[in-house]
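So the chains spell out like this:
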Amino acid sequence: MKQTEQWTSRLGFILAAAGSAIGLGAIWKFPYIVGTSGGGAFFLLFLIFTLAIGMPLLLGEFVIGRSTQKEAVSAYKVIAPGTLWHWVGRLGVVTCFLLLSFYSVVGGWILTYLAKGIAGQITGPSYDKLFSSIIGDPLGAVFAQLVFMVITAWVVARGVQSGIESANKYLMPGLFILFVILMVRSLTLDGAMEGVLFFLSPDFSKLNGDSILYALGQSFFALSVGVSVMVTYSSYLAKKESLVRSAGSIVGLNLLVSLFAGLAIFPAVFSLGMEPTAGPGLLFIVLPSVFEKIALGSVFLWIFLALFLFATLTSAFSMLEIIVASLAKGEEKQRKRLSWVIALLIFIVGIPSALSFGIWSEYTILGKAIFDAFDFLVSNILMPLGALLIAVFVPLKMKRETLLEELKVKSGAGRKMFVLWLLSLKYLAPLAILCVFLYMVGFM
């Protein structure tokens, strides 16, 4: 059965897809890596890899979903019936289930910080102790994770148009408006230019094998490809819309957000003589310290936390949607029940991750905390594997006529770009993904 709902417009699709791609990694981890891996040199590499590898993979998922008008699992069955290729879709469903189980834990942390910030409870110099107390509180961490999943399930249960599209039409513009406010404030601080130079000045001497491979990995992970989310999202897109223009818009928005994040964070951090740090420390320890020292700092802290919450939620919507859609298979009457049931299961599976920094901190998997073990499995193994299989599937199993039709290729120039796209999927993307995968699991 084909999807009964569609995006009401190309803008609705772009905002939803961009919301899926623009998550925590693009906002808090990416700017730091740029700054410590060559600045503008790294950003240039990331831009090249995104256009040469990330965007071709994104278009690959688009043509799978839009050509079949079916969710992730069924789409592969239609294109390659009687084969095992539908397990690529199932892999994406499992990956999103596991990813959302610990992603929702971080969403819960953000909700807790936002609530404490509004209540005026984020004060004083000991932000590291505050963060430790929040993630170490078993009841608080689990309850916040539950609230985050309730919000996610409520939106997805309302459907593609009334739920996901409607929410993204408010959350994504809100995210950009909040970024602009923060950038303006950050860039007007004394000494802000030092942070700008740290973030954007090209320093090719800092580029090494690690930073090049990270730029490769970020180029496709930053676009939410490899888990068939974009297969599901594109299945709701009308045939008249251009996949190439949509992909270009999504890539552009993603690059813009990464740029905005660096210009909002680093000028403020360097202006106050503080050192940037990676991971949760930047969001939950360093930035509260920064905002405390500027005028109306508490307001700007609320804005920043709200921005992070928006980005986290829009990504969570897409993760839950691919699972719901794969089970509902176009039966919208099943959507509401499935949304709540699956969200509950994800919450239950995520409880060990929520407790892994508190009462279950002594329990490890292969030497890693439970949260970190889930993160390693998803980010370093399942996502690269999914991206590799999709890159192989499109040129191997999809008919050339279907690809030309979906991408609306007509002119000679268009056909040349089509050939380059197909070559990237067939050779360049698999090679790049294999390199990143071997590096991430420690073989390079």
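What counts and how
- The numbering scheme is per chain: residues are counted from 1 as the chain's sequence reads.
- Restriction of local features to residues with pLDDT of at least 70 applies here, the model being predicted, together with a cutoff of 80 or more for giving and counting side-chain atom pairs; totals for whole chains, interfaces and linings are based on all residues.
- The side-chain numbers reported here are obtained from all heavy atoms of the structure, hydrogens and water having been left aside.
- UniProt positions are given in the numbering used here, feature names are shortened, and annotations may be inferred rather than shown by experiment.
- Note on conventions: DSSP H or I runs of at least 4 residues are helices, E runs of at least 2 residues are strands, and numbering of each starts at the N terminus.
- Both definitions apply: the radius of gyration is a C-alpha atom measure, and the globule rule equals 2.2 Å times residues to the power 0.38.
- Per-residue and other accessible areas follow the Shrake-Rupley method at a 1.4 Å probe size, with only the shown protein chains counted as cover for residues.
- Working convention for charge: Lys and Arg count positive, Asp and Glu count negative, and His plus the chain ends are omitted.
- Every charge is mapped to an atom, namely NZ of Lys, CZ of Arg, CG of Asp or CD of Glu.
- Three exposure classes are used, based on accessible area relative to the maximum for each residue type with a 1.4 Å probe and protein chains only: buried under 20%, partly exposed in between, and exposed over 50%.
- Structural elements are reduced to axes, namely lines fitted to C-alpha atoms, with helices fitted over the stretch in contact, and the angle between N-to-C directions of any two is expressed from 0 to 180 degrees.
- These descriptions rest on fixed angle ranges, namely under 35 degrees for roughly parallel, over 145 for roughly antiparallel, 65 to 115 for roughly perpendicular, and the rest for oblique.
- By convention the crossing between two helices is left-handed if the near helix lies anticlockwise of the far one by an angle smaller than a right angle, and right-handed if it lies clockwise.
- Two residues form a contact once any of their heavy atoms are found within 4.5 Å.
- Residues are grouped as follows: Ala, Val, Leu, Ile, Met, Phe, Trp, Tyr, Cys and Pro are nonpolar; Asp, Glu, Lys and Arg are charged; every other residue, Gly included, is polar.
- Aromatic rings from Phe, Tyr and Trp, with only the six-membered ring used for Trp, were paired whenever their centres fell within 6.5 Å, and each pair was classed as stacked if the ring planes differed by under 30 degrees, edge-to-face if by over 60, and tilted otherwise.
- Under the rule applied, a polar contact is a pair of N or O atoms within 3.5 Å (in protein, one hydrogen donor and one hydrogen acceptor; residues adjacent in sequence only if both atoms are side-chain atoms).
- By this rule the span expected of a helix is its residue count minus one, scaled by 1.5 Å.
- The angle between axes fitted to the seven-residue stretch ending at a residue and the seven-residue stretch beginning at it gives the bend at that residue.
- Put simply, a nonpolar core is a bunch of buried Ala, Val, Leu, Ile, Met, Phe, Trp, Tyr and Cys residues held in one set by side-chain atoms that sit within 4.5 Å of each other.

- As recorded in an unreviewed UniProt entry, the protein goes by Transporter and comes from Brevibacillus nitrificans.
- Among the UniProt annotations of the protein, the heading Sequence similarities (unreviewed entry) holds the following wording: "Belongs to the sodium:neurotransmitter symporter (SNF) (TC 2.A.22) family."
- In its Subcellular location (unreviewed entry) section, UniProt records this for the protein: "Membrane".

1. Details of the overall build of the protein
Here is step 1: Looking only at helices and strands, one finds 18 helices and 2 strands in the protein.
Here is step 2: Taken over the C-alpha trace, the protein has a radius of gyration of 21 Å; the compact-globule value for 444 residues is 22 Å, and the two agree within 12%.
Here is step 3: Dimensions of the protein, computed from C-alpha atoms along their principal axes, come out at roughly 60 × 50 × 45 Å.
Here is step 4: Here the protein has roughly 17400 Å² of accessible surface; of this, 68% comes from carbon and sulfur atoms.
Here is step 5: Considering the protein, the positive charge centre built from 31 side chains and the negative charge centre built from 22 side chains are found 12 Å apart.

2. Notes on unusual backbone geometry
Here is step 1: Not every positive phi belongs to a glycine, and leucine 366 is a case in point at roughly 55°.
Here is step 2: Mapped onto the elements, leucine 366 comes out in the loop between strand S1 (364-365) and strand S2 (368-369).
Here is step 3: When its relative accessible area of 85% is taken as the criterion, leucine 366 is described as exposed.

3. Description of the packing of helix H9 (residues 192-200) against helix H12 (residues 243-271)
Here is step 1: Running from N to C, H9 and H12 point in directions that differ by 135°, and their axes come no closer than 7 Å. As the angle between them shows, H9 and H12 are arranged oblique. H12 is crossed by H9, and the crossing has right-handed handedness. Two secondary-structure elements touch here, H9 through Ala192, Glu194, Gly195, Val196, Phe198, Phe199 and Leu200 and H12 through Ser258, Leu259, Gly262, Leu263, Phe266, Pro267, Phe270 and Ser271.
Here is step 2: Looking at the contact of H9 with H12 residue by residue, the class counts come to 10 nonpolar, 4 polar and 1 charged.

4. Remarks on the packing of aromatic side chains
Any two aromatic rings considered together are summarised by their centre-to-centre distance and by the angle between their planes.
Here is step 1: Counting across every chain of the model gives 21 aromatic pairs.
Here is step 2: Ring geometry for phenylalanine 13 against phenylalanine 62: centres 5.3 Å apart, planes inclined by 55°, an arrangement best described as tilted. Of this pair, phenylalanine 13 sits in helix H1 (residues 10-21) while phenylalanine 62 is found in helix H3 (residues 40-68), placing the two residues 49 residues apart along the sequence. Grouping residues by exposure puts phenylalanine 13 and phenylalanine 62 together as buried.

5. Some thoughts on the side chain of serine 339
Here is step 1: Relative to the helices and strands, serine 339 is located in helix H15 (residues 332-355).
Here is step 2: Look at serine 339 and you get buried, because its relative accessible area is 0%.
Here is step 3: From its side chain, serine 339 meets the backbone oxygen of arginine 335 in a polar contact 2.7 Å long.
Here is step 4: Contacts of serine 339, omitting those with residues within four sequence positions, involve Ala153, Val156, Ala157, Leu320 and Val324.

6. Considering the environment of glutamine 69
Here is step 1: When you line up the elements, glutamine 69 lands in the loop between H3 and helix H4 (72-79).
Here is step 2: In this structure glutamine 69 comes out as buried when scored by relative accessible area, which is 9%.
Here is step 3: Between the alpha carbons of glutamine 69 and valine 299 there is a distance of 44 Å; along the sequence they are 230 residues apart.
Here is step 4: Within the structure, glutamine 69 has its side chain in polar contact with the side chain of glutamine 6 (distance 3.3 Å).

7. Considerations on the environment of glycine 117
Here is step 1: Summarising the element assignment, glycine 117 is placed in helix H5 (residues 86-118).
Here is step 2: Spatially, the C-alpha atom of glycine 117 lies 28 Å from that of leucine 320, the residues being 203 residues apart in sequence.

8. Considering helix H18 (residues 412-440)
Here is step 1: With 29 residues, H18 extends 40 Å between its outermost C-alpha atoms, agreeing within 8% with the 42 Å of an ideal straight helix rising 1.5 Å per residue.
Here is step 2: The axis of H18 is deflected most strongly, by about 45°, at serine 424.
Here is step 3: If you check which residues of H18 are buried, you get Phe418, Trp421, Leu422, Ser424, Leu425, Ala429, Pro430, Ala432, Ile433 and Val436.
Here is step 4: Buried residues along H18 sit against H3, helix H10 (209-221), helix H16 (370-397) and helix H17 (400-406).

9. Section: the nonpolar core
For soluble globular proteins, the rule of thumb is that nonpolar side chains tend to be buried together.
Here is step 1: Within the largest apolar cluster, 169 residues are counted, with the highest numbers of intra-cluster contacts made by Ile64 and Trp421.
Here is step 2: Here the element with the most residues in this core is helix H14 (residues 297-328); it accounts for 20 residues.
Here is step 3: Setting aside anything within four residues of it in sequence, one finds isoleucine 64 in contact with Ala75, Tyr76, Ile79, Val231, Ile390, Phe393, Val394 and Met398.

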